[in-house]
Amino acid sequence: MKLDSKVPEGALAEKWTKYKSSMPLVAPNNKRRLEVIVVGTGLAGASAAATMGELGYNVKCFTFHDSPRRAHSIAAQGGINAAKNYQNDGDSVFRLFYDTIKGGDYRSREANVHRLAEVSTDIIDQCTAQGVPFAREYGGLLANRSFGGVQVSRTFYARGQTGQQLLIGAYQALSRQIAKGSVDMYNRHEMLDLVKVDGKARGIITRNLVTGELERFSAHAVVLATGGYGNVYYLSTNAMNSNVSAGWRAVRRGALMANPCYNQIHPTCIPVSGDYQSKLTLMSESLRNDGRIWVPKSKEDAQAIKEGRKTALDIVEEDRDYYLERRYPAFGNLVPRDVASRAAKVACDEGNGVAPTGLGVFLDFSSAIQRYGLQEANSRGLSTDDTNVTKLGKEIIKNKYGNLFQMYEKISGENPYERPMKIYPAIHYTMGGIWVDYNLETNVPGLFAIGEANFSDHGANRLGASALMQGLADGYFVLPYTIGNFLSTQIRTDKIANDTPEFIQAEKDVKERLQGLIDINGNQSVESFHKKLGKIIWENGGMSRNETGLKKGIAEVRALRDEFYKDVYVPGTISEFNPELEKAARVADFMELGETLLFDALNRNESCGGHFREESVSDEGEAKRDDNNYTYVAAWEWNDGQDPKVHKEKLKFDNVELKTRSYK
Amino acid sequence: MKLNLKIWRQSGPNDKGYFDMHSVEANEHMSFLEMLDVLNEQLISEKKDPIAFAHDCREGICGTCNLVIDGRPHGPQKGTTTCQLHMRQYKDDDTIVIEPFRATAFPIIKDLVVDRSSLDGVIQAGGYISVNTGQAVDANAIPVEQEVAADAFDSATCIGCGACIAACPNGSAMLFTSAKVSHLGKLPQGKVEHKKRVQNMVAQMDKEGFGLCSNVGACEAECPKEISLDNIAFMNRAFIGSVLTTED
């Protein structure tokens, strides 16, 4: 299979503008006759469905949630990047493009990333017009902050709830189209299969999660906006119901899963506290601006803290190892996410971790409290005795991070103003996803993938505040245009019937698959399989990977899959409200995706971005890329349970020079 | 700690519900929903029907979780959603009563899961600013005073969980609706449609089966995002004003 990226000719900065102006259009009278299915209502799905509705297409939009306002985009805290250069600090479209390519460790497509940087500015205009209450300066103009180690302030934000406000904006735009009748909204409908007719994507099979009824929906094109697959690790910062099934079902029907080993592990999450734990909670990356990360120098001290015989306060300054400041003096606590995460793992693997499980490091604000307190006391001419300085310093920290400190205290029961927080890395975002070309179309004609569900823009590592940007870029400003390329060839195609043999067969397949899960009638819960799967993937395909572990992981996943199909217990029936059945089908798909993830990690014998292979390190033990052999996208084809097949799209860099990332 | 749980069970919207007693072994670090996960694993291992409850992000922002715990929507802790409530609030041998959000406009689907699409209906009636993709002017073309933006934000922070409605003896959606009316109506971008929006959303609220407001104030007290009653006052003023000044 040849993967054609369909990147238009011409200079990088002109590709999108020229392409947009020369793309075939669909006339309004034809738009009314064309139907498009959008699966998912996060930032990408809601914005795409709303925009296509505005353009005059007939849109059918699906979510498994009870309302299109709930997708996990809502939980994004930090912000959204845009090359507005409102701060006059030298930002530009090219700089945002360059930072994104470099941050992704040179494993993304130049043309897609440049387009993303170009449309970023329109997103801010659109969202502001919708009523998104971005932070503002005293003069009433929009405020920015810097984020994720870049040198300009280009991040727009809405307190610590940027994702929520942007999603509500898109949800409202979608609601307006629903009211107008241009979008038919199907809540609590889960896509369980993709239907192809004559090789083209023509519809989906859904299950009504309230009644259990299976339904066939047809359209001229299908758009997947179904998010990431972080929950393959069981514990992640994703929502409980986030899953890969819609995308994976498309892979089972011929789409390709690209770079599934590129996963982002976020360094600042609250550590796991016990076996019952269902998810991990992220603490915003902004905390690293003021917090210092350390573990005790001696294993004895670490052991004493784990057992509760000592606390952080008993460890004197000389006995603390501020390992990021030691290893990376230039960036210190502000190294990128992947570097900070691996360093925490190294410290804990060496036995210096501090949480009861041994998997945790301290994030300490005491220096910041002293520093801010002293500044404040001096500038206000107040007493600089210890008590007063600490009091003033705590006030400053509260103003900056109050809501995060409160959230930490609710979850951990510890007061972070008095004692350092304990943090540990957790899976947060997946850069890999369905392979798409420049039009965001997959290798299956008529099937598109947008937002976190595709692989296209972040390479091997995503920069902070870029996920929201990509979701909305795809949904508002890219897909609604590029889908016209395909739809303009469909204007002579009548409404697609949903009672053809292809649809009937697909519905039958789904029914048999679901009934099969119930008929196993074994003894182990779905949850217990998900936990075991997560453990295998985390241990062998987590922060650090090697050949032996990956091969072992693949064998273990396969064994687990066999066990699952022999011994899982799913209560109830398929024709009723049955959350356990929903979970079972999702976990079954996670097992197949998980195996593919490990194959991808095994194939890529280089370290890049979030993917760290122990076999590929520099003399100093840092990640080492292998540009000669791995400057390609690995797109995996499902092979009926046998080893998946890889297809390669060579990445060409005409506008940037490939360099080694260094943070020393 | 061992806990006694008195949980509402109901197999479908038209079935008769009842309270069922369960006991579960929990620890103080668990979240409330993790405690229910433990109970469900226990029930599944006994091949019994697990308890259906709604949840998703477990970070207090998606608005999916919706339990009435000992008579209070989202439980005893102020400004906290069910998913953010932790078991250190409880002690050994406590008995906890768990029910779904109850309101005429929220029919029960199963056990503790309710249908809140009526809230989407209210938003669809006008809870938006009519701007198509691509029509926007530059974001800095219209400055917005910092206090105005902050004020609008306080209203926009609503997570659409429906606790205000469950808390209200009349099942009124005034706090939910007024939060949206205030969010959009206070911003210059949303002022153009303000009057029409208020009228349409208020009319839809009635159509969806929400009750009338009698100024009890329970909505504000139970709101996990601490949305203020001032929003209702703002909407009432806007509503009366719009009825007096528009022609249709």
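Keep in mind that this is a model prediction, so the values were computed, not measured.

What counts and what doesn't
- Residues numbered from 1 in each chain as written.
- Chains lettered and ligands numbered in written order.
- Predicted model: local features only at pLDDT ≥ 70, side-chain atom pairs only at ≥ 80, totals over all residues.
- Helix = DSSP H or I, 4+ residues; strand = E, 2+ residues; numbered from the N terminus.
- Buried ≥ 20, exposed ≤ 12 C-beta atoms within 10 Å, placed from the backbone.
- Contact = placed C-beta atoms within 7 Å.
- Rg over C-alpha atoms; globule rule 2.2 N^0.38 Å.
- Core = buried A, V, L, I, M, F, W, Y, C linked by C-beta atoms within 7 Å.
- Pairing = 2+ DSSP bridges.
- Axes fitted to C-alpha atoms, helices over the stretch in contact; angles between N-to-C directions.
- Nonpolar A, V, L, I, M, F, W, Y, C, P; charged D, E, K, R; others polar.
- Expected span 1.5 Å × (residues − 1).
- Arc of directions from axis to C-beta.
- Domains from an automatic or database assignment.
- Parallel < 35°, antiparallel > 145°, perpendicular 65-115°, else oblique.
- Left-handed = near helix turned anticlockwise from the far one by under 90°.

## Some details on the overall build of chain B
If you tally the helices and strands in chain B, you get nine helices and seven strands. Principal-axis analysis of the C-alpha atoms gives chain B an extent of 60 × 40 × 35 Å. For chain B, buried positions account for 53% of its 248 residues. When contacts within chain B are restricted to residue pairs at least 6 apart in sequence, those whose partners lie at least 24 apart make up 70%.

## Topic: the overall build of chain A
Scanning chain A from terminus to terminus reveals 18 helices and 21 strands. The C-alpha radius of gyration computed for chain A amounts to 25 Å, which stays within 12% of the reference 26 Å derived for 664 residues, consistent with globular compactness. Along the first, second and third principal axes, the C-alpha atoms of chain A reach 80 × 60 × 50 Å. Across the 664 residues of chain A, 59% fall into the buried class. Sequence separation of at least 24 residues holds for 73% of the intrachain contacts in chain A that already meet a minimum separation of 6.

## A few points about the nonpolar core
All names here are of chain A. Judged by nonpolar contacts, the single largest core of 282 residues is most densely connected at Val223, Leu224, Val361, Ile434 and Phe448. The dominant element in this core, judged by the number of residues it contributes, is helix H17 (residues 579–603), at 13 residues. Ile434 has contacts with Leu224, Gly247, Ala250, Ala255, Met257, Ala258, Thr442, Ala449, Ala453, Asn454 and Phe455, leaving out every residue within four places of it along the chain.

## Some points on the sheet that holds strand E5 (residues 95–100) of chain B
Residue and element names in this part refer to chain B. Strand order in this open sheet of five strands is E2-E1-E5-E3-E4, and the pairing throughout is mixed. Two strands lie at the open edges of the sheet, namely strand E2 (18–25) and strand E4 (72–73), each paired on one side alone. Looking at chain direction, strand E3 (residues 67–69) and E5 are connected through three bridges and run antiparallel. Bridged to Ile69 within E5 is Ile98. Strands in contact with helix H1 (residues 32–45) are strand E1 (2–9) and E2; relative to E2, the strand with the most contacts, it is inclined by about 100 degrees.

## A closer look at the interface of chain B and chain A
At the interface, 62 residues of chain B touch 60 residues of chain A. At the level of secondary structure, the elements contributing two or more residues to the side of chain B that touches chain A comprise H1, strand E6 (108–110), helix H2 (117–124), helix H3 (146–156), helix H5 (174–186) and helix H6 (188–191) of chain B. If you tally residues by element for the side of chain B that touches chain A, the top one is H1(B), at six residues. When its residues are assigned to classes, the side of chain B that touches chain A shows 26 nonpolar, 22 polar and 14 charged.

## Quick notes on helix H7 (residues 194–207) of chain B
Residue and element names in this part refer to chain B. In a regular helix each residue adds 1.5 Å, so 14 residues correspond to 20 Å; H7 covers 20 Å between its end C-alpha atoms and thus fits that length. Every buried residue of H7 is listed here: Arg197, Val198, Met201, Val202, Gln204 and Met205. For H7, the buried positions fall inside an angular range of 160 degrees around the axis, keeping them on one side. Residues of H7 that are exposed and point over 90 degrees away from its buried face: Asp206 and Lys207. Buried residues along H7 sit in contact with H2, H5 and helix H9 (230–245). Positive backbone phi, at 95 degrees, marks Gly209, one or two positions downstream of H7.

## Topic: the pairing of strand E5 (residues 183–186) of chain A
Taken residue by residue, a regular strand's side chains alternate between the two faces of the sheet. All names here are of chain A. Side chains Val183 and Met185 project from E5 onto a buried face, and the interleaved Asp184 and Tyr186 project onto a face without burial. Relative to E5, strand E2 (residues 58–62) is paired through four bridges, and the arrangement is parallel. The partner of Val59 across the bridge, within E5, is Val183.

## Quick look at unusual backbone geometry
Even without glycine at this site, Asn88(A) takes up a positive phi of about 55 degrees. Topologically, Asn88(A) is positioned in the loop between strand E3 (80–81) and helix H4 (93–103). The class for Asn88(A) is exposed, based on 8 C-beta atoms found within 10 Å. Even without being glycine, Asp111(B) reaches a positive phi, approximately 45 degrees.

## A short note on the domain arrangement of chain A
Residue and element names in this part refer to chain A. Split by domain assignment, chain A resolves into domain 1 (266–427) and domain 2 (501–631). Using only C-alpha atoms to locate each centre, domain 1 and domain 2 end up separated by 33 Å. If you look at the interface, domain 1 gives five residues, while domain 2 gives five residues.

## Describing the environment of Asp66(A)
With respect to the helices and strands, the residue Asp66(A) is situated in the loop between E2 and E3. Taking the number of C-beta atoms within 10 Å as the measure of exposure, Asp66(A) has 24 and is therefore buried. The spacing of Asp66(A) and Asn187(A) is 121 residues in sequence and 5.5 Å in space, taken between C-alpha atoms. Those residues within four positions of Asp66(A) in sequence are excluded, and the remaining contacts are Asn187(A), Arg188(A), Ala54(B), Thr64(B) and Arg116(B).

## Some remarks on the pairing of strand E20 (residues 632–637) of chain A
Residues and elements named next belong to chain A. Sheet topology places strand E10 (residues 257–258) next to E20; two bridges connect them, and they run antiparallel. Among the inter-strand pairings, Ala258 is bridged to a residue of E20, identified as Ala635. The sheet contact formed by E20 and strand E21 (residues 645–650) spans six bridges and is antiparallel. By the bridge assignment, Val633 is partnered in E21 with Glu649.

## Comments concerning the packing of helix H15 (residues 526–541) of chain A against H17(A)
All names here are of chain A. Closest axis-to-axis distance for the H15/H17 pair is 10 Å, and the angle between their directions is 15 degrees. As the angle between them shows, H15 and H17 are arranged roughly parallel. As H15 packs across H17, the resulting crossing turns out to be left-handed. Here Val526, Phe529, His530, Leu533, Ile537, Asn540 and Gly541 of H15 lie close against H17, whose contacting residues are Glu580, Lys583, Ala584, Val587, Phe590, Met591, Gly594, Leu597, Leu598 and Ala601. For the contact of H15 with H17, the class distribution of residues is eleven nonpolar, four polar and two charged.

## What about the domain arrangement of chain B?
Residue and element names in this part refer to chain B. Domains assigned within chain B are domain 1 (2–110) and domain 2 (117–245). For domain 1 versus domain 2, the separation of C-alpha centres amounts to 29 Å. Taken together, the 18 residues of domain 1 in the interface contact 16 residues of domain 2. Looking at the side of domain 1 that touches domain 2, its residues break down into eight nonpolar, eight polar and two charged.

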